[in-house]
Amino acid sequence: VGDGSTGSDSGGSNSSSGSGSRDSGHGDQLYIVVREFVSFSLAGELRAFVYQRRLTAVTQYYSSVVFDELVANKSKVLLLVVNFFNRIKNTIFELVEADSMIIDFVVPVDSSSSSSSSSSSS
């Protein structure tokens, strides 16, 4: 759930005057994203940035952690994301009235191919 406002959740002070109208992405519009819960490795959660309908950047979602398995599979993971985005982008742009957006991806990351340095904790 994303909320562009700092108001309380009582619904009074920061409600939008144009309820139901589209906003430019700025202001105090309320946005919600709902998805089925699926258990997955945190290392495989990525955030992609699309600007003017072009995939411009892909980063790991959790920036304060180094996932050795993600680093070891960087090229493979990036190729998966780019290929998948290229397959679905026309559908996305038909469904979403925006040329720039953030998309979260979850990709399988094989921990068995990471370096053995991740098991050095005592």
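So, here is what we can say about the structure in this document.

The rules behind these values
- Residues numbered from 1 in each chain as written.
- Predicted model: local features only at pLDDT ≥ 70, side-chain atom pairs only at ≥ 80, totals over all residues.
- Heavy atoms only, no water.
- Salt bridge = Lys/Arg side-chain N within 4 Å of Asp/Glu carboxyl O.
- Helix = DSSP H or I, 4+ residues; strand = E, 2+ residues; numbered from the N terminus.
- Buried < 20%, exposed > 50% of the residue type's maximum accessible area, 1.4 Å probe, protein only.
- Expected span 1.5 Å × (residues − 1).
- Bend = angle between axes of the 7 residues up to and from the residue.
- Contact = heavy atoms within 4.5 Å.
- Phe/Tyr/Trp six-rings, centres within 6.5 Å; stacked < 30°, edge-to-face > 60°.
- Pairing = 2+ DSSP bridges.

### Brief notes about the pattern of salt bridges
Here the structure, examined in full by the defined rule, presents 2 salt bridges. When the shortest N-O distance is used, the salt bridge between R53 and D99 registers 2.7 Å. One end of the pair, R53, is in the loop between strand 3 (45-51) and strand 4 (54-60); the other, D99, is in the loop between helix 2 (74-95) and strand 5 (101-106), with 46 residues separating them in the sequence.

### Side note on unusual backbone geometry
Glycine aside, the phi torsion of most residues is negative, and most peptide linkages are trans. Look at Q52: it is not a glycine, yet its phi comes out positive at around 50°. For Q52, the position within the fold is in the loop between strand 3 and strand 4. Of note, R53 is a non-glycine position whose phi angle comes to about 70°, a positive value. Note on R53: relative accessible area 40%, which makes it partly exposed.

### Brief notes about the environment of E69
Here E69 shows up in helix 1 (residues 68-72). Its relative accessible area of 16% is what places E69 among the buried residues. In this structure the C-alpha to C-alpha distance between E69 and G44, which are 25 residues apart in sequence, comes to 9.1 Å.

### Let's talk about helix 2
For helix 2, which comprises 22 residues, the first-to-last C-alpha distance of 30 Å matches the rise-based estimate of 32 Å (1.5 Å per residue) to within 8%. At I88, helix 2 is deflected by roughly 50°, the largest bend along its length. Among all positions of helix 2, only V77, V81, F85, I92 and F93 are buried. Contacts from the buried residues of helix 2 go to strand 3, strand 4, helix 1 and strand 5.

### Considerations on the packing of aromatic side chains
Applying the stated criterion across every chain yields a total of 2 aromatic pairs. Ring centres of Y61 and Y62 lie 5.0 Å apart, and the angle between their planes is 75°; on these two criteria the pair is classed as edge-to-face. On the basis of relative accessible area, Y62 is assigned to the partly exposed category, the value being 31%. Geometrically, the ring pair formed by F84 and F105 is edge-to-face, given 6.0 Å between the ring centres and 85° between the ring planes.

### Details of the pairing of strand 3
Bridge count between strand 3 and strand 5: 6 bridges; the pairing is antiparallel. Note that in strand 5 the partner of R47 across the bridge is D104. Two strands pair when backbone bridges link them, and strand 3 and strand 4 are joined in this way by 6 bridges, in the antiparallel orientation. Residue pairing across strands places V50 opposite L55, the latter belonging to strand 4. A loop of 2 residues connects strand 3 with strand 4, the two strands running antiparallel in sequence, and Q52 in this loop sits at a positive phi of about 50°.

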